[in-house]
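Chain residues, written in single-letter form:
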Amino acid sequence: MPGTDKPEETAKPQLSRGGKVIFLTIGNGMALVAGLIGSMVAARYLSKADYGTVRQTFLVYEFIAPILLLGLPNALYYFLPRHEDDRKGQVIDNAALLLGLGLLFSLFILLGGAGLLAERFDNPRLRETLPWLAVYAPVMTFLAGLPAVLVISERVRTLTLFSTLSSIGIAFGSIAATLATRSYEWPVYARIIVPAVSLPFAVVLIARAMPGPLRLPRADTMARMLRYSIPLGLATVLGTITMQLHSVIVAAMTTPEQFAVYVNGAIEIPIIGLIVGSITTITFADMSAACAREETGEALAIFRTAAIRSAA
């Protein structure tokens, strides 16, 4: 009839849980492939010293990132389904914490940390590249919350497109800088500039995905998030330290040339990790939403299905 709304005809159909996993795996897989190609080109066309400098620069952030994030991105999976009328506010509180932690690291780098690390790694080139992490850290900590926001708001396609384009942009920028300069500076700058350029687009995606009014960050909500996220973050910190500690030790005890040879050793292509990680992300979001509705039976059924398919 004229004037009758028909939202069911215009609304975009939601993906099934399996479809979400497929899209998320595609996005993560593209990021992995783009990163591998960028590393291959850098290893081929840069000197050992320059390649070691590039890897040491980002090793610093990769090692400290779990401490900066403190499990806060994963906390969104818990808080957003439980605050339907204030989702945007919850994201603002979470982003404020993430940005604050990123800026703390930036201050450390700018107030002497870059020189201290360059001396510890016995690599004077790091005095030029590490200060750029003062820009990189706040950008990356903010972007860390984007996957949770888009998954919970049923925008997995958008997340896949964003992550794929970002990964391709970083790989293309790094490769172009490597081939054009054959030096370490611009490949580092390219990996920092591209995420910074994508940041405004991420802000727009978050604003569109999350309903509710804009508001200032609230201290009480941020305190609750920290109480929830810190234990979760500590588990992530321990896991990352286990995976990265060997690289930090070798970087501190060898020359950049020796470190370049070491860090480019055998590489595992984590196909299983990509799939299971995607299943975990989607399952976590759906289980949290079911628990928020007090539908624990559904949450348990989701977990059982995910466990069976992960095992298969």
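Scope of this entry: the structure provided in the associated data block. (Residues numbered from 1 in each chain as written. Predicted model: local features only at pLDDT ≥ 70, side-chain atom pairs only at ≥ 80, totals over all residues. Heavy atoms only, no water.)

## Quick look at helix α11 (residues 219–253)
No. 1: Relative to the 51 Å expected for 35 residues at 1.5 Å per residue, α11 spans just 43 Å between its end C-alpha atoms, considerably shorter than the ideal helical length.
No. 2: Bending of α11 peaks at approximately 45 degrees at the position of Gln244.
No. 3: What α11 keeps buried is the set Thr221, Met222, Met225, Ser229, Gly233, Val237, Thr240, Gln244, Ser247, Val248, Val250 and Ala251.
No. 4: Looking at the buried side of α11, the elements it contacts are α3 (48–69), α4 (72–82), α5 (87–120) and α12 (256–263). (Helix = DSSP H or I, 4+ residues; strand = E, 2+ residues; numbered from the N terminus. Expected span 1.5 Å × (residues − 1). Bend = angle between axes of the 7 residues up to and from the residue. Buried < 20%, exposed > 50% of the residue type's maximum accessible area, 1.4 Å probe, protein only. Contact = heavy atoms within 4.5 Å.)

## Section: unusual backbone geometry
No. 1: Positive phi values are uncommon outside glycine, yet Glu154 reaches one of about 60 degrees.
No. 2: Within the fold, Glu154 resides in the loop between α8 (146–152) and α9 (156–181).
No. 3: Judged by its relative accessible area of 34%, Glu154 is partly exposed.
No. 4: Here Arg182, not a glycine, exhibits a phi torsion of approximately 50 degrees, which is positive.
No. 5: Of note, Arg182 is situated in the loop between α9 and α10 (185–209).

## Regarding the nonpolar core
No. 1: Core analysis: the biggest nonpolar cluster contains 31 residues, and Val60, Tyr61, Phe105, Leu130 and Leu133 have the highest contact counts within it.
No. 2: Contributing elements (two or more residues each) for this core: α3, α5, α7 (133–143), α10, α11 and α12.
No. 3: For this core, the element with the most residues is α3, which contributes eight residues.
No. 4: In this structure, Tyr61 is in contact with Leu68, Leu133, Tyr136, Ala137, Met140 and Thr141, ignoring residues within four places of it in sequence.
No. 5: Residues Ala95, Phe142, Leu146 and Ile279 belong to the second largest nonpolar core, which totals 28 residues. (Core = buried A, V, L, I, M, F, W, Y, C linked by side-chain atoms within 4.5 Å.)

## A short note on the side chain of Ser198
No. 1: Checked against the element boundaries, Ser198 lands in helix α10.
No. 2: Of the residues examined, Ser198 reaches a relative accessible area of 10% and is grouped as buried.
No. 3: Separated by 2.8 Å, the side chain of Ser198 and the backbone oxygen of Pro195 make a polar contact. (Polar contact = N/O pair within 3.5 Å; in protein donor to acceptor, adjacent residues only side chain to side chain.)

## What about a nonpolar patch on the surface?
No. 1: Residues Trp132, Trp186, Ile193, Val197 and Phe201 make up a contiguous nonpolar surface patch of roughly 510 Å² in combined accessible area.
No. 2: Along the chain, Phe201 turns up in helix α10. (Patch = residues over 30% accessible without salt bridge, like charges linked within 9 Å, V, L, I, M, F, W, Y side chains within 5 Å. Areas by Shrake-Rupley, 256 points an atom, 1.4 Å probe, with all protein chains shown as cover. Salt bridge = Lys/Arg side-chain N within 4 Å of Asp/Glu carboxyl O.)

## Re the packing of helix α13 (residues 271–292) against helix α14 (residues 296–311)
No. 1: Two elements in contact, α13 and α14, have axes separated by 8 Å at closest approach and are oriented at 170 degrees. For the element pair α13 / α14, the angle class is roughly antiparallel. Contacts from Val276, Ile279, Thr283, Asp286, Met287, Ala290 and Cys291 in α13 reach Glu298, Ala299, Ile302, Phe303, Ala306 and Ser310 in α14.
No. 2: Of the residues in the contact of α13 with α14, the class split is nine nonpolar, two polar and two charged. (Axes fitted to C-alpha atoms, helices over the stretch in contact; angles between N-to-C directions. Parallel < 35°, antiparallel > 145°, perpendicular 65-115°, else oblique. Nonpolar A, V, L, I, M, F, W, Y, C, P; charged D, E, K, R; others polar.)

## Digging into the pattern of salt bridges
No. 1: Scanning all chains against the criterion turns up eight salt bridges.
No. 2: Glu154 is the salt-bridge partner of Lys20, the closest N and O atoms lying 2.8 Å from each other. Here Lys20, found in helix α2 (residues 17–45), pairs with Glu154, found in the loop between α8 and α9; they are 134 residues apart in sequence, far enough to count as distant.
No. 3: A salt bridge links Asp93 to Arg215; the shortest N-O distance between them is 2.6 Å. With Asp93 in helix α5 and Arg215 in the loop between α10 and α11, this residue pair connects regions lying 122 residues apart in the sequence.
No. 4: Members of the salt-bridge network, linked through shared partners, are Asp86, Asp93 and Arg215.

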